[in-house]
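# Architecture at a glance
Residues per chain are reported as follows:
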Amino acid sequence: MDNTRIDWADMTWNPVTGCRHGCNYCYAARTAGRFAGYLSQGVKVSNDPRKEEIVQEVKLPNCEREGIVVLDKPLKTMTAAGNVVNAPYPFGFTPTFHRYRLGDPVKKQRPRNIFVCSMADLFGTWVPTKWIVEVMDACMAAPQHNYLFLTKNPRRYTELDEMALLPRRNNFWYGTTTTEAGQSYFISEHHKTFTSVEPMTGPLFPEAGGILVDWVIVGAETGLRKNKAVPERAWVKDLLDACREEGVPLFMKRNLTDVWGENLVQELPTMLGRR
Ligand code: SF4
């Protein structure tokens, strides 16, 4: 569990890492690729993203199915300074369940807003339901925190809810990443919901028919990628006006400063107010 520079959460927690959506702007994939690798019997397999394919070919005995990995204890890696530490992304961006991290929230007693799986899509179609259930159970074991989930596959929230596997708790916030109008997102009478419009690549509201979630986050693309999307100020202003009209808090990420200026609107729902 790590402190984070993400401005709408206190900590990130990654019991699952890796994602197969393949977004070309993915910062997480670049980071995981950079730190991929682990020590095998004292020999470093790879931490070079150019060798990621080699790393991914390694088959562990507990691989549950082709292309996903379960780790009951951490693999080790060596830092540039020569220190041996837990390998954060031993298989790069291959979906990996770090089961040994499930006890982390309980160890933090002070309440925090925790972004769950900032380096994955926990609700991707490739993620076994039992991984999700184990993560939810770990969250429920530490009810002092707020948990923020985010997916590009909101259909999975609905499927899980139909199986009574999506906890209906006020400290569980289910977010959908959208980038422009017309994309589906999770709404529910029984759950706290939000949408993260990031990177904003086009106008969003009011085309989507109003704001039906409890909170909206908006941001620009992170990083220096060539041809990266830059939101227009008017799109952000329309979104702010729509939120104001419906009394929904809006949080502008710091990376919107170039578009909006220093006076960012950074509202949190009351329940997520910093404690
Ligand atoms: S959904 Fe998120 S984690 Fe997955 S590839 Fe896209 S940006 Fe990366």
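The text that follows walks through the structure, step by step, so that each part is easy to find. A quick note: this is a predicted structure, and the numbers were derived from the prediction, not measured.

Parameters at a glance
Residues numbered from 1 in each chain as written. Predicted model: local features only at pLDDT ≥ 70, side-chain atom pairs only at ≥ 80, totals over all residues. Heavy atoms only, no water. Helix = DSSP H or I, 4+ residues; strand = E, 2+ residues; numbered from the N terminus. Buried < 20%, exposed > 50% of the residue type's maximum accessible area, 1.4 Å probe, protein only. Polar contact = N/O pair within 3.5 Å; in protein donor to acceptor, adjacent residues only side chain to side chain. Contact = heavy atoms within 4.5 Å. Core = buried A, V, L, I, M, F, W, Y, C linked by side-chain atoms within 4.5 Å.

Glancing now at the side chain of Thr151. One can find Thr151 in strand β11 (residues 146-151). Residue classification places Thr151 among the buried positions, given a relative accessible area of 1%. Engagement of the side chain of Thr151 in a polar contact is seen with the side chain of Asp121, the distance being 2.7 Å. Engagement of the side chain of Thr151 in a polar contact is seen with the backbone nitrogen of Asn153, the distance being 2.8 Å. Those residues within four positions of Thr151 in sequence are excluded, and the remaining contacts are Asp121, Phe123, Tyr157, Gly175, Thr176 and Thr177.

Right, let's talk about the nonpolar core for a bit. Val116, Leu122, Phe123, Val135 and Phe149 are the most contacted members of the largest nonpolar core, which has 36 residues in total. Of all elements in the fold, only α1 (27-34), β10 (113-116), α4 (129-140), β11, α5 (155-162) and β12 (172-178) reach the threshold of two or more residues within this core. It is α4 that contributes the most residues to this core, six residues altogether. With residues near it in sequence (within four places) discarded, Leu122 still touches Val16, Val116, Cys117, Val127, Ile132, Val135 and Phe149. Residues Met200, Leu204, Leu239 and Cys243 belong to the second largest nonpolar core, which totals 23 residues.

The quantities given are spatial measurements derived from coordinates; they are silent on function.
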